[in-house]
Amino acid sequence: MPPLESSPAPPRVAAVLVVCDGEAWLGGVLATLASQRYPELDLVVVDNASSDGSAQLLERRIPADRLVTLPRNVGFARAVATALAHPVVAAADLLLLLHDDLVLAPDALELLVATLEGDPRLGVVGPKLREWSDEGVLAEVGMTIDRFGRAESTVEPAELDQGQHDRTADVLYVNTAGMVLRRELLRELGGFDARFPAFRDDLDLCWRAWLAGRRVAVVPAAVGYHVGAGRARRFGASATAGARYLAERHALAALLKNYGRLRLAWILPLTVLLGVGKVAVFLAIRRFADAGAVTRAYGWNVAQLPRTLRRRRAVQRRRVVSDRELAPLFAPGLTRARLYAEAFGAWLAGGSTGALIDDDVPADADDGRNERTLVRFVRERPAAVTGVVLLVAYLVGLVPLLGGGQVVGGQVAPWPDSPWRFLGAYASPFNGDPLGSHGFASPIQAVLGVASLAGFGSRWLAQRLLVFGLLPLAWLLALRAGRLVTSAAAPRALGATLYALSPVVVGAVGQGRYGVAVVAALLPGLLAVGVRAADPRVAASSAWRAAALLALGLAVALAAAPSLGPLLLATLAAGAAGCVLRRRERAPQAAARLALAGVVALAILSPWLLGLLVDGSLTAVEAVDATALPLWRAATAVPAVVPGLAGAGGIVAALTSGAVAVAAVLLGARRRADVVAVLVGVGGAGAFAAWATARARVPWLWPPALLLPTALALAGLGVVAARSLVGGLRDYAFGARQLAVVVATGLLGVGLLAGVARLAGGPYEALARDPELAPAFVAADEPQVGPYRVLLLAD
């Protein structure tokens, strides 16, 4: 009889377990490894300088010849490289990579090996990962990235595992926790990038495997339970920033190494712009650690560029698969856009800001289930609907100015052909003027230069974003500032609309008064961060971040409109004095933060501001006729600076302002008399200052600009009135109060419709579009500091 053929021996698997302070999970990890049903499994453990008792546990449980102890934590990649030199690992056919916080189901390794051996094109496989603390919740079923390196999961947050992903599928990469791969493939690829101690090392390795012609797949039948890599023990107190730093730097390095030349040529500039945008947003929302993490990540890549390019050449030599063939494995760009939109919406909602008015929804409020779909949509998203309506009206009014050529008028002049012209003018020893003027250049030139980068090299887009984008920015920041009064969206949308449609805000843009328009856009944001910096309920670290942002915002506002400096600084001083008078435990610290913000802003601008005082640049504007701002217009914040407000339109707008104030007093005074009193006081003070300044004919100031606090106070009164409308009238018997509120509501509606009509009518008579304009610095009849009239320092 012929001898019986024996079945081929299963491939030998070496499990490489990397441990770093994993004592809490290590016992379970070792127990599940011992319970694996796969027969040809060896274990080598690398202890990455653990300090929590893991080393002692391993010494008790692991034979000395299978334990490698490192004197310092070298990261996952170097720990695996160290294990590759171990005889057991060197003799293995396959490698199982394990974190110290992963346990595998008893049949997981068997299923992973069977899948890998069943298809010779497969190079890397990984299990389905569930949450350690909640075994029914999915953590990962393979991963991908968008075109610019942002990691994207194929599962939703807290998604339950109901078998919906139980199909073996190709993925861009799998987690190193539970990854099984061919040892020879790891050698051919050059191993992990030793510069990646954690985060995106799995992306880089699997991407290189794909380029070399080997597939990567997730095997959902194999299950692992994972704690996750975001544990604070890895990065101490700066866990989030440390994780972001490593993820950002390694993702960018992976893009540089693995993309082909043609795709990298257009993706890299956009990636850098996204990075700049992220830093700007993190700074704006006071996440300074994250802004620093992104900046350091890009700096690391610049420093490491020679080494990255050497690795890139090796990767591209092994390439057998094109970027086009791998494109289906990447996430679409819309995922990032949706996430950013959700994050921006959460920021606008201001969840971390304490509201002054109780926001409990009345118990008998209608839940809207019986309303029609459109009505329910408007009811559930009042801010979004209001914003879209106003934006459409605004764009309609801008149509004549959106064509080709440059927009000029007032302080708005032809934009330079490159953002670097702004920066060059700021750095010029001649103050940016080819005729050789003296003094320091305005810091706003540097701000405009950096902000112009948002135009992607197009001066047409940059100019329109930085001029006409101020009005939408004012609405958005006013919406955010409304959270100081209430968290309800509809009242905040009303307040933001009242502010954005106020004549002084629209008029500043329409007349080309760029400095006032910048201050109008920033003022609600300055209020929000100022209140947060002075709020004793806010943690000290967060309050100081708010104070830092307040100082930055004040510096930009003062650089744009130094003539409004006394207004801004007086407001800041009043806030600091108010903190002291409160005599609470933390009031002195709050006052110190506000005072320091003002001092820092002045220190940043001091060389330039002193130059203005010396050469008299602030006195270049002619006085305004006192009849242009009578007392009734000042009191209602309706200066005749917008077409249609000189006659009956002005009366309608004034009645609207009065209706808002009356409704707020009638409805909100009982509930929060202090809030109403402060808003009325601020509005009255601003109105009196504007009226008195106009009568005094102050030569260096546009008096309507002093109505900005009044406009913001009226917006706040609108928020109070709208928030109190639902239940406020029920506190009183039916009578004159209800009739007055009905009349006020009617006037408010008429006023808002008139304001939207003015917005759609394009109240920009001082601005014009001309494609044949010469650079602004040849216009010697214009007072200026710097080469562009948009940078005029006097109002």
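Residues numbered from 1 in each chain as written. Predicted model: local features only at pLDDT ≥ 70, side-chain atom pairs only at ≥ 80, totals over all residues. Heavy atoms only, no water.

K.L.:
Where do I start with the overall build of the protein chain in this structure?
P.N.:
Helix and strand counts for the protein chain come out as 31 helices and 14 strands. The proportion of buried residues among the 795 residues of the protein chain is 51%. In the protein chain, of all internal contacts separated by at least 6 residues, the share reaching a separation of at least 24 is 79%. Total accessible area on the protein chain is roughly 35300 Å²; 63% of this is exposed by carbon and sulfur atoms. (Helix = DSSP H or I, 4+ residues; strand = E, 2+ residues; numbered from the N terminus. Buried < 20%, exposed > 50% of the residue type's maximum accessible area, 1.4 Å probe, protein only. Contact = heavy atoms within 4.5 Å. Areas by Shrake-Rupley, 256 points an atom, 1.4 Å probe, with all protein chains shown as cover.)

K.L.:
Teacher, can you tell me more about the pairing of strand E6 (residues 122–131) here?
P.N.:
Across a regular strand the side chains alternate sides, sitting on one face of the sheet and then on the other. By the criterion of burial, E6 is predominantly enclosed, with nine of the 10 residues buried. Pairing analysis gives nine bridges linking E6 to strand E12 (residues 215–226), with the strands arranged parallel. When the bridges of E12 are listed, lysine 128 appears paired with valine 223. Summarising the sheet, E6 and strand E11 (residues 180–182) pair through two bridges and their orientation is antiparallel. Looking across to E11, one finds that valine 124 is bridged to leucine 181. Here E6 runs beside strand E7 (residues 138–140); their pairing, made up of two bridges, is antiparallel. (Pairing = 2+ DSSP bridges.)

K.L.:
I'm lost on unusual backbone geometry in this one. Help?
P.N.:
Peptide bonds are, in most cases, trans, and in most cases residues other than glycine have a negative phi. Located in the positive-phi region is aspartate 21, a residue other than glycine, with phi close to 55 degrees. Given a relative accessible area of 19%, aspartate 21 falls into the buried group. The phi dihedral of alanine 49 is positive, around 55 degrees, even though this residue is not glycine. Relative to the helices and strands, alanine 49 is located in the loop between strand E2 (41–48) and helix H2 (54–61). Among the residues examined, alanine 49 registers a relative accessible area of 27% and is labelled partly exposed.

K.L.:
I keep staring at helix H12 (residues 305–318) and nothing clicks. Help me out?
P.N.:
Along its 14 residues, H12 runs 20 Å from first to last C-alpha, staying within 8% of the 20 Å computed at 1.5 Å per residue. Turning to H12, its buried residues are Thr308, Arg312 and Val315. For H12, the buried positions fall inside an angular range of 65 degrees around the axis, keeping them on one side. (Expected span 1.5 Å × (residues − 1). Arc of directions from axis to C-beta.)

K.L.:
Please clarify how a nonpolar patch on the surface should be interpreted in this entry.
P.N.:
A contiguous nonpolar patch, built from Trp544, Leu596, Val599, Val600 and Ile604 and spanning about 440 Å² of accessible area, is present on the exposed surface. Considering every element that reaches the nonpolar patch, the biggest residue donor is helix H26 (residues 587–615), with four residues. Structurally, the position occupied by isoleucine 604 is in helix H26. (Patch = residues over 30% accessible without salt bridge, like charges linked within 9 Å, V, L, I, M, F, W, Y side chains within 5 Å. Salt bridge = Lys/Arg side-chain N within 4 Å of Asp/Glu carboxyl O.)

K.L.:
Is there a simple way to explain helix H24 (residues 540–560) in this structure?
P.N.:
Note on helix geometry: an α-helix contains 3.6 residues per turn, so any two residues three or four positions apart are oriented the same way. When the terminal C-alpha atoms of H24 are compared, their 30 Å separation across 21 residues agrees well with the 30 Å that a helix rising 1.5 Å per residue should span. Most of H24 sits inside the fold, with 15 of its 21 residues counted as buried.

K.L.:
Whenever I open this one, the packing of aromatic side chains confuses me. Can you help?
P.N.:
Two measures describe an aromatic ring pair: the distance that separates the ring centres and the angle between the ring planes. One pass over the full model with this rule turns up five aromatic pairs. Taking 5.1 Å as the distance between ring centres and 90 degrees as the angle between the ring planes, the aromatic pair formed by tryptophan 207 and tyrosine 259 counts as edge-to-face. Pair noted here: tryptophan 207 is in helix H7 (residues 201–211) and tyrosine 259 is in the loop between helix H9 (239–258) and helix H10 (261–284), with a separation of 52 residues, a long-range link. Looking at tryptophan 207, the relative accessible area reads 0%, which means it is buried. By relative accessible area, tyrosine 259 is classed as buried at 2%. Judged by centre distance (5.5 Å) and plane angle (70 degrees), the ring pair of tryptophan 207 and phenylalanine 330 falls under edge-to-face. Here phenylalanine 330 lies in the loop between helix H13 (323–326) and helix H14 (333–349) and tryptophan 207 lies in helix H7, a separation of 123 residues in the sequence. Both residues of the pair, tryptophan 207 and phenylalanine 330, count as buried. Site record: aromatic cluster; members linked through ring pairs are Trp207, Tyr259 and Phe330. The ring of tryptophan 300 has arginine 249 sitting right over it, with the charged end atom 4.2 Å from the ring centre. Seen from the ring of tyrosine 245, arginine 296 lies directly overhead, with NZ or CZ sitting 4.2 Å from the centre. (Phe/Tyr/Trp six-rings, centres within 6.5 Å; stacked < 30°, edge-to-face > 60°. Lys NZ or Arg CZ within 6 Å of the ring centre and 35° of its normal.)

K.L.:
Help me out: how do you make sense of the packing of helix H16 (residues 382–398) against helix H20 (residues 470–481) in this one?
P.N.:
In a pair of packed helices, the angle between the axes and the distance between the axes together describe the arrangement. Their axes nearest at 11 Å, the elements H16 and H20 cross at an angle of 165 degrees. As the angle between them shows, H16 and H20 are arranged roughly antiparallel. Considering the relative orientation of H16 and H20, their crossing is right-handed. Across the interface between the two elements, Ala383, Thr386, Gly387, Leu390 and Tyr394 of H16 pack against Leu471, Pro472, Trp475 and Leu479 of H20. Partitioning the contact of H16 with H20 into residue classes produces seven nonpolar, two polar and no charged. (Axes fitted to C-alpha atoms, helices over the stretch in contact; angles between N-to-C directions. Parallel < 35°, antiparallel > 145°, perpendicular 65-115°, else oblique. Left-handed = near helix turned anticlockwise from the far one by under 90°. Nonpolar A, V, L, I, M, F, W, Y, C, P; charged D, E, K, R; others polar.)

K.L.:
Help me out: how do you make sense of a positive patch on the surface in this one?
P.N.:
A surface patch of positive charge is lined by Arg72, Arg78, Arg307, Arg310, Arg313 and Arg317. Take the positive patch: its biggest share by element is four residues, from H12. Summarising the element assignment, arginine 72 is placed in the loop between strand E3 (67–70) and helix H3 (75–84). (Lys, Arg positive; Asp, Glu negative; His and termini not counted. Charge placed at Lys NZ, Arg CZ, Asp CG, Glu CD.)

K.L.:
I keep staring at the environment of leucine 109 and nothing clicks. Help me out?
P.N.:
For leucine 109, the position within the fold is in helix H5 (residues 108–118). Not counting residues within four places of it along the chain, the set of residues in contact with leucine 109 comprises Val13, Gln36, Tyr38, Leu41, Leu96 and Val180.

K.L.:
Just to check I follow, could you spell out the packing of H20 against helix H21 (residues 489–500) for this structure?
P.N.:
Put simply, H20 and H21 touch, their axes get as near as 8 Å, and they point 145 degrees apart. The handedness of the crossing between H20 and H21 comes out as right-handed. Here H20 contributes Leu471, Ala474, Trp475, Ala478, Leu479 and Arg480 to the contact with H21, which in turn contributes Arg492, Ala493, Ala496, Thr497, Tyr499 and Ala500. Looking at the contact of H20 with H21 residue by residue, the classes come out as nine nonpolar, one polar and two charged.

K.L.:
Where do I start with the nonpolar core in this structure?
P.N.:
Side chains of nonpolar character tend, in soluble globular proteins, to be buried together. Among the nonpolar cores identified, the biggest contains 109 residues, and Phe468, Tyr499 and Leu708 are the most heavily contacted of them. Among all residues touching leucine 708, those that are not within four sequence positions of it are Tyr499, Val504, Val505, Val516, Val519, Ala520 and Leu523. Membership of the second largest hydrophobic core comes to 61 residues, among which are Ala77, Tyr173, Leu203 and Ile267. (Core = buried A, V, L, I, M, F, W, Y, C linked by side-chain atoms within 4.5 Å.)

K.L.:
What is the right way to look at the pairing of E2 in this model?
P.N.:
The element E2 is largely enclosed, with a buried count of seven among its eight residues. Sheet topology note: the strand E1 (residues 13–19)/E2 ladder contains seven bridges and is parallel. Bridge pairing in E2 places alanine 14 opposite aspartate 42. Here E2 pairs with E3 via four bridges, running parallel. Counted as the bridge partner of valine 46 is valine 68 from E3. Traced from E2 through H2 to E3, the parallel crossover comes out right-handed. (Right-handed = clockwise from strand over helix to strand, strands pointing away.)

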